[in-house]
Amino acid sequence: MLTCLSVTSSPDASPRQPLGDVAGDTGAPDTATAEFAHDSATAEFATVDGPGPADPLPARRRHRRRPRHWSADRAAVLAGTLAFAAVCLGFLLNTPTLIGPDEPYHMDRVIAAEHGQIVLAPEAINVSRGERGLEHTYVRSQMRRASASQAEYTPIARSKRPSLDALGGNARSPKVDVSNYETQHPPLYYAIMGGLLRLWPHADAMAGDKLVLLTRTFNVLLMLPLSFLFFASARALLGTGPVARASAFLPLLVPGLARCAATVNNDNLAIVIGAAVVLYSIKIMQGDRSVRTAVVVSALCVAGSLTKGTVLFILTIVPLAYLVQWLRARALPDWKVASVLGAGAVAAAAWWVHNYIAYGSVQPQAWGVQFARAQGSPRPLGTPLDMAFFRHVTWKVVPSRFWAALGLHEPPQLPRLMIDLMSLGLVLFLVATLAVLRGRRWTVLVLAAVPIGEQIVVIMEAYLHYRHYLAIPALQGRYVYPAVFGVLLPFAVVAVLVLGRRWSKWAPMLVLAVGLLVSGWALYTSAEYTWLHRGERLVPGNWSRAYHTLEGFFALSPAVLLTLTILGAALLVGAVVLTAPWRRGPDDELVGWRELARRPSVAADALRPQPEPEPAPVT
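Given the structure is predicted, the values throughout are model-derived calculations rather than measurements.

A.B. asks: Please give an account of the packing of aromatic side chains that cites residues and values.
C.D. replies: For the structure shown, the criterion picks out 13 aromatic pairs. When the ring of Phe390 is compared with that of Tyr463, the centres are 5.7 Å apart and the planes differ by 70 degrees; the resulting orientation is edge-to-face. You can see Phe390 sitting in helix H17 (residues 387–404) and its partner Tyr463 sitting in helix H19 (residues 441–466), a full 73 residues away along the chain. The exposure class assigned to Phe390 is buried, which follows from its relative accessible area of 7%. Judged by its relative accessible area of 24%, Tyr463 is partly exposed. Aromatic ring contacts, followed pair by pair, group Phe402, Trp403, Phe429, Tyr481 and Phe491 into a single cluster. Across from the ring centre of Tyr466, 4.6 Å away, lies the NZ or CZ of Arg379, which sits over that ring.

Below is the structure:
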């Protein structure tokens, strides 16, 4: 019996017709379900059909046959990765040393982990002499509104730039500096980055800005799988085709992702883990009941829990996914899957339960004497809340920081019109996606509800703080990024809907073009704000002066900077060449809103565990 991998077995189906697009085919499983046929543990969901015993192909060979669209999918993923790498490289070159949210303190924990100090109690270490020396030596301006740009300063000659060891290394003294408040976070991200630095020969002896650039490069490499994870998530939901291929370019729509990748920040590991959790949650909602998937998603939840506390809300997508599966199948996971999930839940909660037992709080604050400065001025007794001011700040700041927190935290920022259009599109495109994908509305709702819920939690935390203080902190968009695929997927769906059946093969190119416009604008604005004097506009006449200012502050030689700049341009050209649909795919011209609407939901009968056949009588 042939396992259905890419086309239906209906006698009316053309060999070039995509699964689920056959008129009147309402009982066949969707493309994501058919995709599970590649996994022997979930072969129960495959559609079995074919000529039976006369089939000459061995079962193992049939199992490993690649789908017909594999080369086109691979080209899209590679193009998306190249384009995202180019934008990340742009921010890597453009961002001055240690100018990132809490970056000096994140870097200090990486240094501590490099020297064996990994699992730490809150306030267990003070900032090291080496890290404080790096900050005093290389950070000239925090790039806030009232501060000067890098163009106002003279860079240190490269031959005279001190190393971490020369500035004191990992030496720490409780009498010299304040505690590192990043000890409130779990250790996984710092252990990975510190381990990479430990493996790098003589890392602490290189110039300090080179050490920071090296650590940032590790972060960029960590984030590069994002395009593949977005593509794989869309393919798990809708099967291969222009929507999945366009999804590989969705990271370009949020310049904050590349900006975050170009700095030392534990959000980067949380983002990648969160994207992988979303991928497997989609598979679960589409009917995957295998033990292997339960093991993988449990391991990802444990890793996310050991990375950052803000990931905990994102991880609620896993029980929601199994709830959706139960609503469709009316059958609970078997005891093996339930046991794995239970063990994973216990392991993921262990760090936070320990915090509560040991310190009286799930995430204890580790600010020490810095606490008062970090919280802002307390609200005077009897001073009422200015809710109009709170709503104004929230309305202005939250969308801006979601799309692109380019500085600490702004300015610079994208034009307000662009932010408003992108935010309006996010809402309208989600509604359109729910209207079209009738068979997958629960899945789309869960995918969107998690990041939207996380953003609401962030706003509520800011409100609770505002009740006692005059400041409104923590309205950060990067807290939503681990589940951002759920609100970006509608952009890929609407790209296909707008282009229609005839031109849907251009959907990846359309998303790439919009993404490069948004990310390019963000990078251009950031370069203008950083490398020119305050108030100057970056125009062709002063491009050379801005570039030479960057060249003076960059950690590596001008020749290396020029080489990396050319490399970034080459990555963009390669992405555009790979994305252009020179060769028409088998189903590109067939996918429009009608085809997307016809894709059925996972059949409940296919999800229910089937009774094992009775053994044949022994003769």
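A.B. asks: If you had to explain the packing of helix H18 (residues 416–436) against H19 to someone new, which residues and values would you point to?
C.D. replies: Running from N to C, H18 and H19 point in directions that differ by 160 degrees, and their axes come no closer than 9 Å. Relative to H19, the element H18 lies roughly antiparallel. H18 and H19 meet at a crossing whose hand is left-handed. Every residue of H19 that contacts H18 at Leu430, Thr433, Leu434 and Ala435 is listed here: Arg441, Val444, Leu445, Ala448 and Ile452. By residue class, the composition of the contact of H18 with H19 is 7 nonpolar, 1 polar and 1 charged.

A.B. asks: Account for the packing of helix H11 (residues 267–285) against H19, with residues named and values stated.
C.D. replies: Packing of H11 against H19 brings their axes to within 10 Å, and their N-to-C directions diverge by 155 degrees. Taken as axis vectors, H11 and H19 run roughly antiparallel relative to one another. Like other packed secondary-structure pairs, H11 and H19 cross with a definite hand, here right-handed. The residues of H19 that touch H11, namely those facing Val278, Ile282 and Met285, are Thr443, Val446 and Leu447.

A.B. asks: Any details on the pattern of salt bridges? Residues and values, ideally.
C.D. replies: Within the structure shown, the criterion is met by 11 salt bridges. Note that Arg132 is salt-bridged to Glu135, the shortest N-O span being 2.6 Å. Of this pair, Arg132 and Glu135 are both found in helix H5 (residues 129–138), 3 residues apart, which corresponds to roughly one turn of the helix. For Arg416, the salt bridge goes to Asp420, with nearest N and O atoms at 3.2 Å. With Arg416 and Asp420 both in helix H18 and 4 residues apart, this pair spans about one turn of that helix.

A.B. asks: Could you give me a rundown of the nonpolar core, with the residues and numbers involved?
C.D. replies: Phe84, Leu250, Trp403 and Phe485 are the most contacted members of the largest nonpolar core, which totals 141 residues. Every residue in contact with Trp403, bar those within four places of it in the chain, is listed here: Leu253, Val254, Pro255, Gly256, Leu414, Ile419, Met422, Ser423, Leu426, Tyr481, Leu488 and Phe491. One finds Phe390, Val397, Ala462 and Ile472 within the second-largest nonpolar core, a separate group that totals 10 residues.

A.B. asks: Give me the lowdown on a nonpolar patch on the surface, citing residues and values where you can.
C.D. replies: A cluster of nonpolar side chains, contributed by Leu320, Leu323, Trp326, Leu327, Leu332, Trp442 and Leu445, occupies part of the molecular surface with about 670 Å² of accessible area. Among the elements that line the nonpolar patch, the one with the most residues is helix H14 (residues 317–329), at 4 residues. Looking at the secondary structure, you find Leu332 in the loop between H14 and helix H15 (335–359). Owing to a relative accessible area of 63%, Leu332 belongs among the exposed residues under this scheme.

A.B. asks: Would you mind going over the environment of Val311 in detail, with residue names and values included?
C.D. replies: In this structure, Val311 sits in helix H13 (residues 311–314). Taking the relative accessible area as the measure of exposure, Val311 reaches 0% and is therefore buried. Spatially, the C-alpha atom of Val311 lies 7.3 Å from that of Pro482, the residues being 171 residues apart in sequence. Residues within four places of Val311 in sequence aside, it is in contact with Ala270 and Gly304.

A.B. asks: Hey, could you go over the side chain of Glu103 for me, with residue numbers and the actual values?
C.D. replies: As for its position among the elements, Glu103 is in helix H4 (residues 103–114). One polar contact links the side chain of Glu103 to the main-chain amide nitrogen of Ile99, over a distance of 3.2 Å. Those residues in contact with Glu103 that lie beyond four places of it in its chain are Leu98, Val212, Arg216, Thr263 and Val264.

Reading the values: the criteria
Residues numbered from 1 in each chain as written. Predicted model: local features only at pLDDT ≥ 70, side-chain atom pairs only at ≥ 80, totals over all residues. Heavy atoms only, no water. Phe/Tyr/Trp six-rings, centres within 6.5 Å; stacked < 30°, edge-to-face > 60°. Helix = DSSP H or I, 4+ residues; strand = E, 2+ residues; numbered from the N terminus. Buried < 20%, exposed > 50% of the residue type's maximum accessible area, 1.4 Å probe, protein only. Lys NZ or Arg CZ within 6 Å of the ring centre and 35° of its normal. Axes fitted to C-alpha atoms, helices over the stretch in contact; angles between N-to-C directions. Parallel < 35°, antiparallel > 145°, perpendicular 65-115°, else oblique. Left-handed = near helix turned anticlockwise from the far one by under 90°. Contact = heavy atoms within 4.5 Å. Nonpolar A, V, L, I, M, F, W, Y, C, P; charged D, E, K, R; others polar. Salt bridge = Lys/Arg side-chain N within 4 Å of Asp/Glu carboxyl O. Core = buried A, V, L, I, M, F, W, Y, C linked by side-chain atoms within 4.5 Å. Patch = residues over 30% accessible without salt bridge, like charges linked within 9 Å, V, L, I, M, F, W, Y side chains within 5 Å. Areas by Shrake-Rupley, 256 points an atom, 1.4 Å probe, with all protein chains shown as cover. Polar contact = N/O pair within 3.5 Å; in protein donor to acceptor, adjacent residues only side chain to side chain.

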